[in-house]
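As a plain string of letters, each chain reads:
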Amino acid sequence: MAQTRERPKPVLHPDFCKGCGRCIESCPKHCIEAGTEIDGATGLIPVQLRLDSCNGCSLCLEACPEPYGLDHESPEPRSSEPPHIPGTENLVAIAAKRRVAETIPDVRVPMPALRPLVVKGTYASAIGALLAGCRHFFGYPITPSTDGAELMAKLLPELEGHFVQAVSEVATINHMYGTGGAGLRCMTFTSSPGFSLMLEGLSYMIGAEIPGVVVDVMRAGPGLGNIGPEQGDIKIACRGPGHGTTQTLVYAPATPQEMLDLTMLAFDKAFEYRNPVLVACDGYLGQITGRVDLPSYMVKPGLPDWAVWGDAAHRPNLHTSILLNEADQEAHNVKLLAKYAQMIDREQRADLYETDDADVLIVAANTPARTAKGAVAVLRKQGIKAGLFRPITLWPFPIRALAPVLPRMKAVVVVEASNGQLEDELRLALSHADLHAPPPITNVRHYGGIMPQMNEIVACARAAHEATPSRRTRETEAEAAARVLS
Amino acid sequence: MKEPTVLPTYQAKDFKSDLKPIWCPGCGDFGVVQAIYRALAAIGRAPHDIAFVSGIGCSSRIPGYTTAYGFNSVHGRALPIAQGIKLANPDLLVLVAGGDGDGFSIGGGHVPHAIRRNLDLTYIVMDNQIYGLTKGQLSPTSPKGLHTVTSGLGSLEEPVNPLLYTLAYGAGFVAQGTPADMAGLAEIIEEAIRFPGFAFVNVQSPCVTFGEDDQQVKAHRAAMKPLKSIGHDQTSRIAAMDLAQQYGQSLHTGVFYRNPAPAPTYDAQVRERQQAMAEKAVPRERILDMFVQK
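Residues numbered from 1 in each chain as written. Chains lettered and ligands numbered in written order. Predicted model: local features only at pLDDT ≥ 70, side-chain atom pairs only at ≥ 80, totals over all residues. Heavy atoms only, no water.

A. Local environment of the domain arrangement of chain A. For chain A, the domain assignment lists domain 1 (10–72), domain 2 (107–300 + 317–346) and domain 3 (351–481). When each unit is reduced to the centre of its C-alpha atoms, the spacing between domain 1 of chain A and domain 3 of chain A is 75 Å. (Domains from an automatic or database assignment.)

B. Spotlight on the sheet that holds strand 18 (residues 393–395) of chain A. Residue and element names in this part refer to chain A. Within the open sheet, the seven strands sit side by side as 8-7-9-10-12-11-18. Their pairing is mixed. A strand with exactly one partner marks an edge of an open sheet, and here the two such strands are strand 8 (162–165) and strand 18. Along the sheet, successive strands turn relative to each other by an average axial angle of 20°, direction set aside. Here strand 7 (residues 136–139) pairs with strand 8 via four bridges, running parallel. Bridge pairing links histidine 136 to histidine 162 in strand 8. (Pairing = 2+ DSSP bridges. Helix = DSSP H or I, 4+ residues; strand = E, 2+ residues; numbered from the N terminus. Axes fitted to C-alpha atoms, helices over the stretch in contact; angles between N-to-C directions.)

C. How the structure looks around the pattern of salt bridges. All names here are of chain A. One pass over the structure, following the stated rule, counts 25 salt bridges over all chains. Here lysine 335 ties to glutamate 209 by a salt bridge, and the two come within 2.7 Å at their closest N and O atoms. Of this pair, lysine 335 sits in helix 11 (residues 326–346) while glutamate 209 sits in the loop between helix 7 (192–208) and strand 10 (212–218), and the two are 126 residues apart along the sequence. A salt bridge links glutamate 258 to arginine 390, with the nearest nitrogen and oxygen atoms 2.8 Å apart. In this pair, glutamate 258 sits in helix 9 (residues 256–273) while arginine 390 sits in strand 17 (residues 386–391), placing the two residues 132 residues apart along the sequence. (Salt bridge = Lys/Arg side-chain N within 4 Å of Asp/Glu carboxyl O.)

D. Focus on a nonpolar patch on the surface. Residue and element names in this part refer to chain B. A cluster of nonpolar side chains, namely Val282, Ile287, Leu288, Met290, Phe291 and Val292, defines an oily patch on the protein surface of about 600 Å² accessible area. Here valine 292 lies in helix 10 (residues 284–292). Its relative accessible area of 55% is what places valine 292 among the exposed residues. (Patch = residues over 30% accessible without salt bridge, like charges linked within 9 Å, V, L, I, M, F, W, Y side chains within 5 Å. Areas by Shrake-Rupley, 256 points an atom, 1.4 Å probe, with all protein chains shown as cover. Buried < 20%, exposed > 50% of the residue type's maximum accessible area, 1.4 Å probe, protein only.)

The following block contains the structure:
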């Protein structure tokens, strides 16, 4: 954990001090006085230190002509048994008085069984955030995400919360940096152009290990684009939200129910990993209305020990993403990478639908996954055993759930409202998992605010099914290589 | 600025494009675009000599409704983009337009720097005190206490005062108009365009859908107080700032401040410097020698 470092205060070695008094003149705080006692060992009169108001400026060290007359305080004195250093009694006393911040854990408060709601995706997500204990919302109006912010604006004042309409998305993400840094749960709703503006702040939050939840209701781009649905932010969400060694969990809900569930989960994960979490949904899902069952609990957030909370106990905490020493920065990156590795290991989530006997696998997330589910039903009626693999985490891509079903498949069809950004995630995950001979991958893609249609998915899956020989007769790359070599 | 020797004459309709505005019927921006047509006709530059840059918002659709070169740019970034255009082609007449959110919320940080850099731009803000395009959220000029979808209990924030801000930032020309007085607005915009340097025109342009009743065109017509009628000294920045404090209470229209001795513009200074350097410049073909022959 990053902490404020107190600048070392000077320590006097009476054996070496000749009492020349140069340090007395140099001290801006008047901490040093001419001595009155003759030192028995040297017969000289060393100066005396009164370090109550010393701020560790070290000007006295520079003024001292003796190599060892005044020296830096040794960095160890805070260990269990502080060594006795003359002149630092007061400092040791302060250190002893310092209380240590302890994490106040979150509490799950049971909720009575309530009637399900019928709400739109952004509302479901906002309600999820409130149930997760989020009481701080920052946002800037941008269609099609604004409804979520508007609900927060309505509800938060009644819940002793804060809604702030920021002056821009740049301000939004930095408000979140502040509130997250204080150890509190905060979020924003935005859409693609606004998400672009937040990337710098996200990188800082990731660097300083600050939690926060960003719900990106993806719309068509690039540039201003339009307000139709797209999945064109998968690339910036998964391949580096912001500059540097950055990674965040990216959830891809497909229903209003999941908008609520995954937003709640996002808060828990954000604090568990001390990292922002993204919820990436498409413009349709933000606006579409559906039944939402409320969870059996809500969260009363605690306070993490690393929070810059503003009391004595949290005083040593420091949030920063600047490490000027290259070795420190590398060590920090290694630490972050270990965290990302942990996420890859533990956080993969996927939904498998009708994949047990399938030989054509459709891969889709968000709203296209719902269309694809319909396509699976139609294909099965036509006698084609289709199944759906729906990543719930876009990063980390749930390759562990995919790998076991893949060998049975004759073909994979990736369905997405983007230029292959989901397929890129799939292919990267396959590559990292050393699955170099996947079944042929085809795709149905749309952009610009148009969603893949069910008949297109059915046609593509049919064609892929008919074009591909069965898996048993298909040569794997390895077999082909062996044949060529022999 | 190079003036053609034979001045072709233009009429307001020459600046009107074929695109039909999709603003709500009754929107104040209709009046603003009409006033701009008239002002441009009075200026007499050809449509292809004009670049019209806007940000994002209802009002930022305005370049599309003119025959000038249009640039519907990035939310809040119209001013930096306009500066780029002006530096690339200093002979262009560059107009910048946007809403109050575009100019004073997300783009607020660009305004003081555009003013102090003092490129010859005309910045027209259509100030309706609301976010119309995203359906009625708080804007930086919304009056304190305003109830909107993001301030259900009333806004807690003091509004930005665009007139006082731009005067304090040091703008050489600051004016305010309303589409309720279209002839007056056209005159103001024309004068702003003719002003050598950064000119700011705040247009109180009502939002018919989300705006307050007392901010509609009819109410403006009754409430407006032309500065000409009260004998305001437009050469005095202090007098202008005094009046500008009444932004939000009184609707003063006209030129608040016009620097009687306009400071040299950035583009003029650049040209001057380039000329001075050209006189003692090393021939271009020898520039490389300065680096390699040593």
